[in-house]
Amino acid sequence: MSHKSQLASLGGKPVRRTLLPYGRQWIGLDDIRAVVVTLLSDFVTTGPAVDRFEHELARYTGAQYAVAFSSGTAALHAACVAAGIGEGDEVITTPITFAATANCIRYAGGTPVFADIDERTYNIDPDSVKRLITNRTKALIPVHYTGQPADMQAIMQLAKENGLIVIEDAAHAFGASYMGRRIGSGSASMTMFSFHPVKHITTGEGGVITTDDPELYEKLKEFRVHGITRNPSRMERPQGEWYYEMQSLGFNYRLTDVQAALGASQLKKAERFLRLRRRYRQMYDEAFMHAKGVTIPYESPECESSWHLYVLRLNRTELRAGREEIYHALRAENIAVNVHYVPVYLHPYYRDLGYRQGLCPIAERVHEDMITLPLFPRMTRRDVNDVITAVHKVLAYYSA
């Protein structure tokens with residue numbers, strides 16, 4: 001067999017017989033039993049299971065309060081509204097994120113302002129943030145990309161100096177730590193986590209905001225139920241136990257008890273899931289540390305990443321192919337690599353708003369070289385080794 005035919009994309013035999021996804025939930029019998037118990041109870045929509053789940057989430061993260069929502073996007077939307085973001089307000093965030101981060105600013109009526117990234121961590125660069133702060137800046141939304149916390153010390157200092165609200169987008173960072181403190185434990189005004197199936201734990205769809213601020217807590221709770229409160233101390237005219245007041249325009253963003261039961265069961269396994277992610281990350285690091293054509297992820301010494309994603313950066317000067325060819329070659333080997341993310345402002349919707357290419361040159365340059373490898377707890381060591389074999393196989397073929 002010729003060297004050329006060894007690649008599956010060129011007719012060779014793939015490393016795997018079946019496709020390995022880049023991420024996948026792990027639902028066990030214990031999770032199923034927890035859901036069934038709830039289905040047989042008096043509550044299937046928002047009820048006591050949501051209350052318990054919120055309490056357990058607050059305890060896990062170290063926050064005073066947790067408010068669960070129907071999705072991470074809904075949670076971030078609620079945080080933007082609770083922070084008072086509105087027409088004329090600018091909010092600085094990163095372009096290397098899922099579109100929802102910027103979209104939520106738009107939902108609240110604000111204007112996203114995109115800061116460039118640090119070329120080592122791929123997180124938002126505080127120096128870039130500093131240059132973009134104006135008298136219209138209302139808030140900062142750092143994203144803990146791939147699970148590695150952003151430079152929160154510098155970000156919080158900028159927020160303090162300029163009177164800004166900080167909302168952490170920690171959709172990737174459940175269980176991550178910064179300077180010894182778990183993300184969500186109160187450095188920012190609010191922190192959002194996502195429970196989508198590819199995240200660290202899942203509720204199917206779902207998200208949460210953690211906060212230490214009692215006023216924000218009440219606003220968040222009201223926003224997810226149409227802006228309605230049943231708390232007499234917050235009413236204009238309390239009239240009895242039956243009475244409720246709509247005090248603002250909210251949404252139906254409630255999590256159900258069925259989802260909360262699944263989430264609470266998953267939460268019991270969160271540390272095990274984290275250990276597996278970190279173990280597989282170590283296997284990848286050891287395999288690719290000296291590989292020609294790629295750079296492994298950098299982890300800041302003050303951080304402990306939760307490793308939602310493992311992103312290799314292609315060194316194109318050492319390869320005879322671009323990312324497109326590498327991507328399709330690995331897919332042909334039945335390794336479902338992915339790309340996270342297209343810089344948000346390059347999407348047609350944001351280009352129609354006036355954002356242009358060249359806005360964040362480091363983010364654009366890094367994006368062109370990024371490729372995400374499969375990483376999730378349900379993988380086996382054999383799965384990880386299949387990924388390693390496939391990557392080495394493709395790199396060997398395309399090595400310059």
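Residues numbered from 1 in each chain as written. Predicted model: local features only at pLDDT ≥ 70, side-chain atom pairs only at ≥ 80, totals over all residues. Heavy atoms only, no water.

K.L.:
What am I meant to see in the side chain of Asp-386 here?
P.N.:
Counting through the fold element by element, Asp-386 comes out in helix H13 (residues 381–398). Not counting residues within four places of it along the chain, the set of residues in contact with Asp-386 comprises Val-15, Arg-16 and Ile-335. (Helix = DSSP H or I, 4+ residues; strand = E, 2+ residues; numbered from the N terminus. Contact = heavy atoms within 4.5 Å.)

K.L.:
How do you make sense of the environment of Ala-291 when you look at a structure like this?
P.N.:
Looking at where Ala-291 falls in the secondary structure, it is placed in the loop between helix H9 (270–288) and strand E12 (294–295). Measuring from C-alpha to C-alpha, the distance between Ala-291 and Ala-396 comes to 9.4 Å, with 105 residues separating the pair along the chain.

K.L.:
Just to check I follow, could you spell out the UniProt feature "active site" (unreviewed entry) in the chain for this structure?
P.N.:
When the UniProt feature table is mapped onto this chain numbering, "active site" (unreviewed entry) sits at Lys-199. You can see Lys-199 is positioned in the loop between strand E8 (190–194) and strand E9 (207–211). Filtering out sequence-adjacent residues up to four positions away, Lys-199 remains in contact with Ala-171, His-172, Ser-194, Arg-277 and His-308. (UniProt positions renumbered as here; feature names shortened; annotations may be inferred.)

K.L.:
I'm lost on the packing of helix H3 (residues 72–82) against helix H7 (residues 214–223) in this one. Help?
P.N.:
A pair of packed helices is characterised by two quantities: the angle between their axes and the separation of those axes. It is at 9 Å that the axes of H3 and H7 come closest, and there the two elements cross at 125°. Classed by the angle they form, the pair H3 and H7 counts as oblique. H7 is crossed by H3, and the crossing has right-handed handedness. Here His-77, Ala-78, Ala-79, Val-81 and Ala-82 of H3 come into contact with H7, specifically with Leu-216, Lys-219, Leu-220 and Phe-223. Here the residues of the contact of H3 with H7 sort into seven nonpolar, one polar and one charged. (Axes fitted to C-alpha atoms, helices over the stretch in contact; angles between N-to-C directions. Parallel < 35°, antiparallel > 145°, perpendicular 65-115°, else oblique. Left-handed = near helix turned anticlockwise from the far one by under 90°. Nonpolar A, V, L, I, M, F, W, Y, C, P; charged D, E, K, R; others polar.)

K.L.:
Would you explain the pattern of salt bridges in this entry?
P.N.:
A side chain with one charge may pair with a side chain of the opposite charge, provided their charged atoms come close. Under the counting rule described, the total for this entry stands at 18 salt bridges. The partner of Arg-224 in a salt bridge is Glu-54, with the nearest N and O atoms 2.7 Å apart. Separated by 170 residues along the polypeptide, Arg-224 in the loop between H7 and strand E10 (228–229) and Glu-54 in helix H2 (residues 48–61) bring together distant segments of the chain. The pair formed by Arg-224 and Glu-54 is uniform in burial state, with each residue classed as buried. (Salt bridge = Lys/Arg side-chain N within 4 Å of Asp/Glu carboxyl O. Buried < 20%, exposed > 50% of the residue type's maximum accessible area, 1.4 Å probe, protein only.)

K.L.:
I tried to follow the sheet that holds strand E7 (residues 181–182) on my own but got confused; where do I start?
P.N.:
Hydrogen bonds between backbone groups are what pair the strands of a sheet, and the pairing can be parallel or antiparallel. Read across the open sheet, the three strands follow the order E7-E6-E13; overall the sheet is antiparallel. With one partner strand each, in any of the chains shown, E7 and strand E13 (303–304) form the two edges of the open sheet. Here strand E6 (residues 177–178) pairs with E7 via two bridges, running antiparallel. Considered in E7, the bridge of Tyr-178 is made with Arg-181. (Pairing = 2+ DSSP bridges.)

K.L.:
Looking at this structure, how should I read the sheet that holds strand E14 (residues 310–314)?
P.N.:
Pairing in this open sheet of three strands is antiparallel, and the strands run E12-E14-E15 from one edge to the other. Here the strands that pair on one side only, and so sit at the sheet edges, are E12 and strand E15 (370–373). As defined by bridge partners, E14 adjoins E15 across four bridges and the pair is classed as antiparallel. Opposite Arg-313, over in E15, you have Met-370 as the bridge partner. Across the sheet, H9 touches E12, E14 and E15, and the angle it forms with E14 is around 20°.

K.L.:
Before we go on, may I ask you to explain the environment of Phe-376 in this structure?
P.N.:
Looking at the secondary structure, you find Phe-376 in the loop between E15 and H13. For the pair formed by Phe-376 and Asn-103, sequence separation is 273 residues and the distance between their alpha carbons is 27 Å. Beyond its immediate chain neighbours, meaning those up to four positions away, Phe-376 contacts Leu-20, Pro-21, Tyr-22, Gly-23, Arg-24, Arg-277 and Tyr-280.

K.L.:
Help me understand the state of the cysteines, please; the structure alone is not making it clear to me.
P.N.:
Cysteine pairs can be covalently joined through their sulfur atoms, and such a bond is termed a disulfide. Evaluated as defined, the whole model comprises zero disulfides. The thiol of Cys-80 is unpaired, and the distance to the nearest cysteine sulfur, on Cys-104, comes to 5.7 Å. The buried category is assigned to Cys-80, whose relative accessible area is 0%. (Disulfide = S-S within 2.5 Å.)

K.L.:
For this particular structure, what's the right way to read the domain arrangement of the chain?
P.N.:
One frequently used descriptor of interface size is the decrease in accessible area upon assembly of the parts. Domain annotation of the chain identifies domain 1 (8–23 + 270–398) and domain 2 (29–264). The C-alpha centroid of domain 2 is placed 27 Å from the C-alpha centroid of domain 1. Contact with domain 1, which involves 40 residues of that partner, is made by 37 residues of domain 2. Broken down residue by residue, the surface that domain 1 buries against domain 2 is led by Tyr-298, His-308 and Tyr-341, which jointly contribute 18%. Joining domain 1 to domain 2, the criterion identifies 25 residue pairs in polar contact (both at pLDDT 80 or more). When residues of the side of domain 1 that touches domain 2 are traced back to their parent elements, those giving at least two are H9, E13, E14, helix H11 (348–352) and helix H12 (361–367). (Domains from an automatic or database assignment. Buried area = accessible area lost by both parts, 1.4 Å probe. Polar contact = N/O pair within 3.5 Å; in protein donor to acceptor, adjacent residues only side chain to side chain.)

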